[in-house]
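As a plain string of letters, each chain reads:
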Amino acid sequence: MRLMTEYLTVDDNDVQLRDGTIKLHGPAAFEGMRRAGRLAAEILDALVPLVVPGVRTDALDDFVRQMTLDAGAIPATLGYRGYAHSCCISVNHVVCHGIPSEKTLKDGDIVNIDVTPLLDGWHGDSSRMYLVGDVPLKARRLVDVTYECLMIGIEQARPGARLGDIGAAIQAHAEKQRYGVVREFCGHGLGRLFHDAPEVIHAARAGTGPELRPGMFFTIEPMINLGKPGVKILDDGWTAVTRDRSLSAQFEHSIGITEDGCEIFTTSPKGLDKPPYA
């Protein structure tokens, strides 16, 4: 038996509430999300030459904040639930929500940078992995498979499919490589709101969950661990790390369901969606 899901066709000029409904958006909203998503991708593109051994993660955060402001947007994370930074920077065994600091990146690190510019009322949410210097093959393979998981999940996103089809495809691909799929964090609806319904679980059963309908906006952002899937939150209340200290990787795109498939709003204009960024 499936639980009832409530859908709401919205006027995209109205104030929207996080009320548990899945919002269905129109053409103007798609255009707004294209602009916000492109800015997110442009910021991640611009970071490519900056993510090098010796750079401080707070310097990268400063760059994200300034580029966002220069584009006429604001970083959605800045001040969100007390968060004091313009992006999240997660290094090695940090799964997500890593806090920028005086910490410097080292040769061999793998790094996820997650940005969400809020442009003209629309959220462009995306994250990408970066390889710092000479990265071991095992870590590079984890990054490659994580990107494959993202794109395999996106392939399932079309009208008539179920949300669980996305998670089932991601889980099957990751576990075939004997990697762990993080359960504690998920993708989410977005648009006028930063986080909204539905929750997009990355380990799920096919044929379950809400039906995908044209006009839905949400992120897909699998977090894949080299070891077991378990995570814990550090005392700062934000930083999530793998329990077994194994490496973790993540990629994220924001998408919209169309009449015949889906549109990725956060594709890199320069084709730099995954490393190596030669």
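These numbers come from a predicted model, not from an experiment. (Residues numbered from 1 in each chain as written. Predicted model: local features only at pLDDT ≥ 70, side-chain atom pairs only at ≥ 80, totals over all residues. Heavy atoms only, no water.)

Visitor: Whenever I open this one, the sheet that holds strand β7 (residues 117–119) confuses me. Can you help?
Guide: Strand pairing in a sheet relies on backbone hydrogen bonds. The paired strands run either parallel or antiparallel. A sheet is described by the order of its strands in space; here 3 strands give the open sequence β3-β7-β8, paired in antiparallel fashion. Both edges of this open sheet fall to β3 (74–75) and β8 (122–123), since each of them pairs with a single strand only. As paired strands, β7 and β8 are joined by 2 bridges and run antiparallel to one another. Each residue of the ladder has a partner; that of L118, found in β8, is H123. Along the sheet, helix α1 (residues 27–47) contacts β7 and β8; its crossing angle with β7, the most-contacted strand, is approximately 145°. (Pairing = 2+ DSSP bridges. Helix = DSSP H or I, 4+ residues; strand = E, 2+ residues; numbered from the N terminus. Contact = heavy atoms within 4.5 Å. Axes fitted to C-alpha atoms, helices over the stretch in contact; angles between N-to-C directions.)

Visitor: Got a minute to help me understand the sheet that holds strand β4 (residues 88–91) in this structure?
Guide: If you trace the 3 strands from one edge of the open sheet to the other, you get β4-β6-β9, paired in antiparallel fashion. Edge positions in the open sheet fall to β4 and β9 (126–131), since each of these has one partner strand only. The sheet shows a mean angle of 20° between the axes of neighbouring strands, taken without regard to direction. In the sheet, β4 pairs with strand β6 (residues 110–115) via 4 bridges, with the strands oriented antiparallel.

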